[in-house]
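Residues per chain, in single letters:
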Amino acid sequence: MDTSAVNILFKQHFGYTPAHVVGAPGRLEVLGNHTDYNEGLVMSVAVDKYVSIAASPRTDGKVELVSSAFPQRDIFWISELKHNPAAPWADYVKGTLVQLRKRGVHFSGFNAAIHSTIPIGAGMSSSAALEVATALIVRQLFPYSLTELGASVPPPRDNRGRLPPLEAKEKLHLARLCQAAEVEFVGVNCGLLDQLSCLFGRAYHVMNIDCRFQSVHHAPMPGEALVVCDSGVKHRLAAGEYNALREHCESAARALGAKSLRSVDLPWLKANRGNLNQRQYECAYHVVGEIQRVVFAEKALSDDDHRQFGQYMFLSHESSRDFLKNSCPELDLLVELARAHPGCLGARLTGGGFGGATINLVAYHQVESFIPAIAEQSEQRTGRKMKPVVCQIVDGAG
Ligand code: GLA
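Residues numbered from 1 in each chain as written. Predicted model: local features only at pLDDT ≥ 70, side-chain atom pairs only at ≥ 80, totals over all residues. Heavy atoms only, no water.

**Points about the pairing of strand β11 (residues 344-350)**
Thinking step 1. Among the seven residues of β11, seven are classified as buried, and the element is accordingly described as predominantly covered.
Thinking step 2. Judged from the six bridges that link them, β11 and strand β12 (residues 357-362) form a sheet pairing that is antiparallel. Within the sheet, the bridge partner assigned to Cys-344 lies in β12 and is Val-362. (Buried < 20%, exposed > 50% of the residue type's maximum accessible area, 1.4 Å probe, protein only. Helix = DSSP H or I, 4+ residues; strand = E, 2+ residues; numbered from the N terminus. Pairing = 2+ DSSP bridges.)

Okay, here's the thing in structure tokens:
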């Protein structure tokens, strides 16, 4: 992670050198769309795009935030963590501070500069990365450790002032804390995928996440390239579409007498179709099939069958488009163009949907022809310039 931009931003704004810098990566959902909050299975990777925060403590109980992505700075008392309509981006920071406080973490004010290389609204989890980076910068400034019951004795620093890396258990507590920030403060009723991915990523590996047991297993990722194509349509998770999908899924599970859609199989769903309205059925049909696809895709991956793995990605997109209905014409076009390219093994929308980006699995030796081909054809069809980006799989934060 390159910290020079965030260091410069801090120095320019506050006039001195920050005490600490942390970073948290974005993620790509490789397969398993909207399965996480249904206690399902999902595959994801952390990628080499980061939110970084540089910060120093201050003694007057105020937090001052500046971001390279927004002109408006935000300044507030730690005792008054409220929404500021002029700086909605600061909600992710404030929401995380509220949750830290709720768990008994003591902190004072600080100055912080935020810089992100994760495109905002592209479905790569810039929000989860900002939440995780916030929790980590507070840990650097005012050390704490987290248990099931809340804050506990802070870890000791080594003789160079460094804190020990987070253990898996603590990462899980942190992921839940950040998810609560998004649900309670930002108002997106999201699952745990983004925060888990940001913390549990491992270089060159895919995370197989079981959301019922909140467990993460790493498996080597195929030696092919992951290419992201941004549709340019900003997804609007907070606008309610995401929460509505979740509501359809959860009410469908209730109507089927199941704890979650994880417990439902296709014959049961079909046999009980009469208990569901049209949207409940469509969303449940997507989720039940998508969980199955993840099971099969994990198998394809362990068999080193990348073509087969890619087929599940295409099928996933079709299911999101036709049943969950969270795609849009721009995403469909990108998948269609990618699919027609001989180097493309699989392509699908990634993340919440309703805009954002597609993820493409591309044979390494064809990446050089894939990128200009998709860029050119997409510009021809939409009139908009789009630059596909190759992402590297990296370690998670903490
Ligand atoms: C967003 C949410 C995640 C997950 C995905 C869809 O990224 O934050 O919890 O539901 O959408 O799979």
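**Remarks on the sheet that holds β11**
Paired through backbone hydrogen bonds, the strands of a sheet run either parallel or antiparallel to each other.
Thinking step 1. What the four strands build is an open sheet, ordered β11-β12-β10-β13; its pairing is antiparallel. What marks the edges here is a single partner per strand, and that holds for β11 and β13 (389-391). Strand after strand, the sheet turns through a mean of 30° between neighbouring axes, direction not considered.
Thinking step 2. Inspection of the sheet shows strand β10 (residues 225-230) paired to β12 by six bridges, in the antiparallel sense. Within β12, the position partnered with Leu-226 by the bridge is Leu-361.
Thinking step 3. Those strands touched by helix α11 (residues 367-382) are β10, β11, β12 and β13, and its axis lies near 5° from that of β10. (Axes fitted to C-alpha atoms, helices over the stretch in contact; angles between N-to-C directions. Contact = heavy atoms within 4.5 Å.)

**With respect to the nonpolar core**
Thinking step 1. Grouped together as the largest cluster of nonpolar side chains are 102 residues, with contacts concentrated most on Leu-97, Phe-110, Val-138 and Phe-309.
Thinking step 2. For this core, the element with the highest residue contribution is helix α8 (residues 278-302), accounting for ten residues.
Thinking step 3. Both of domain 1 (4-217) and domain 2 (220-248 + 279-391) provide at least three residues apiece to this core.
Thinking step 4. Contacts of Val-138, omitting those with residues within four sequence positions, involve Leu-97, Leu-100, Val-105, Phe-107, Phe-110, Pro-143 and Tyr-144. (Core = buried A, V, L, I, M, F, W, Y, C linked by side-chain atoms within 4.5 Å. Domains from an automatic or database assignment.)

**Quick notes on the site of the ligand**
Thinking step 1. Taken together, 13 residues sit near the ligand, with Arg-27, Glu-29, Asp-36, Asp-194 and Tyr-242 positioned nearest.
Thinking step 2. One of the side-chain nitrogen or oxygen atoms of Glu-29 is found 2.5 Å away from an oxygen atom of the ligand.
Thinking step 3. Here an oxygen atom of the ligand and a backbone polar atom of His-34 are 2.8 Å apart.
Thinking step 4. For the ligand, the protein covers 98% of the area, taking 300 Å² as the surface of the free molecule. (Near = heavy atom within 4 Å. Polar contact = N/O pair within 3.5 Å; in protein donor to acceptor, adjacent residues only side chain to side chain. Areas by Shrake-Rupley, 256 points an atom, 1.4 Å probe, with all protein chains shown as cover.)

**Some thoughts on the side chain of Ser-125**
Thinking step 1. With respect to the helices, strands and loops of the structure, Ser-125 is situated in the loop between β5 (110-116) and α3 (126-141).
Thinking step 2. The residues contacting Ser-125, other than those within four sequence positions of it, are Arg-27, Ile-118 and Asp-194.

**Quick look at the domain arrangement of the chain**
When the parts of a complex come together, some accessible area is lost, and that lost area is often taken as the interface size.
Thinking step 1. Looking at the assigned domains, one finds that the chain contains domain 1 (4-217) and domain 2 (220-248 + 279-391).
Thinking step 2. For domain 1 and domain 2, the distance between their C-alpha centres works out to 26 Å.
Thinking step 3. The partner domain 2 presents 42 residues to the 35 residues of domain 1 that form the contact.
Thinking step 4. In this assembly, domain 1 packs against domain 2 so that about 3,000 Å² is buried in total across both faces, 66% of it on carbon and sulfur atoms.
Thinking step 5. Of all residues in domain 1, Leu-31, Asn-33 and His-34 bury the most surface against domain 2, accounting for 20% of the area lost on that side.
Thinking step 6. Seen at the junction of domain 1 and domain 2, the total is one salt bridge.
Thinking step 7. With its nearest N and O atoms 2.6 Å apart, the salt bridge here joins Glu-29 to Arg-348.
Thinking step 8. Run the count over domain 1 and domain 2 and you get 20 residue pairs in polar contact (both at pLDDT 80 or more).
Thinking step 9. Of all the elements in the fold, those that place two or more residues in the side of domain 1 that touches domain 2 are β1 (20-31), β2 (41-57) and β8 (205-210).
Thinking step 10. In terms of residue count, β2 provides more of the side of domain 1 that touches domain 2 than any other element does, seven residues in total.
Thinking step 11. Of the residues contributing to the side of domain 1 that touches domain 2, the split by class is 17 nonpolar, 13 polar and five charged. (Buried area = accessible area lost by both parts, 1.4 Å probe. Salt bridge = Lys/Arg side-chain N within 4 Å of Asp/Glu carboxyl O. Nonpolar A, V, L, I, M, F, W, Y, C, P; charged D, E, K, R; others polar.)

**Notes on the packing of aromatic side chains**
Thinking step 1. With the rule as written, the count across this model stands at seven aromatic pairs.
Thinking step 2. With centroids separated by 4.6 Å and ring planes inclined at 50°, the aromatic side chains of Tyr-285 and Phe-323 adopt a geometry described as tilted. You can see Tyr-285 sitting in helix α8 and its partner Phe-323 sitting in helix α9 (residues 306-324), a full 38 residues away along the chain.
Thinking step 3. Judged by relative accessible area, which is 26%, Tyr-285 ranks as partly exposed. (Phe/Tyr/Trp six-rings, centres within 6.5 Å; stacked < 30°, edge-to-face > 60°.)

**What to know about the pairing of strand β3 (residues 62-67)**
Thinking step 1. Of all six residues in β3, five are buried; the element is thus mostly enclosed.
Thinking step 2. With five bridges joining them, β3 and strand β4 (residues 70-77) adopt antiparallel strand pairing. Looking across to β4, one finds that Val-63 is bridged to Phe-76.
Thinking step 3. A loop of two residues connects β3 with β4, the two strands running antiparallel in sequence.

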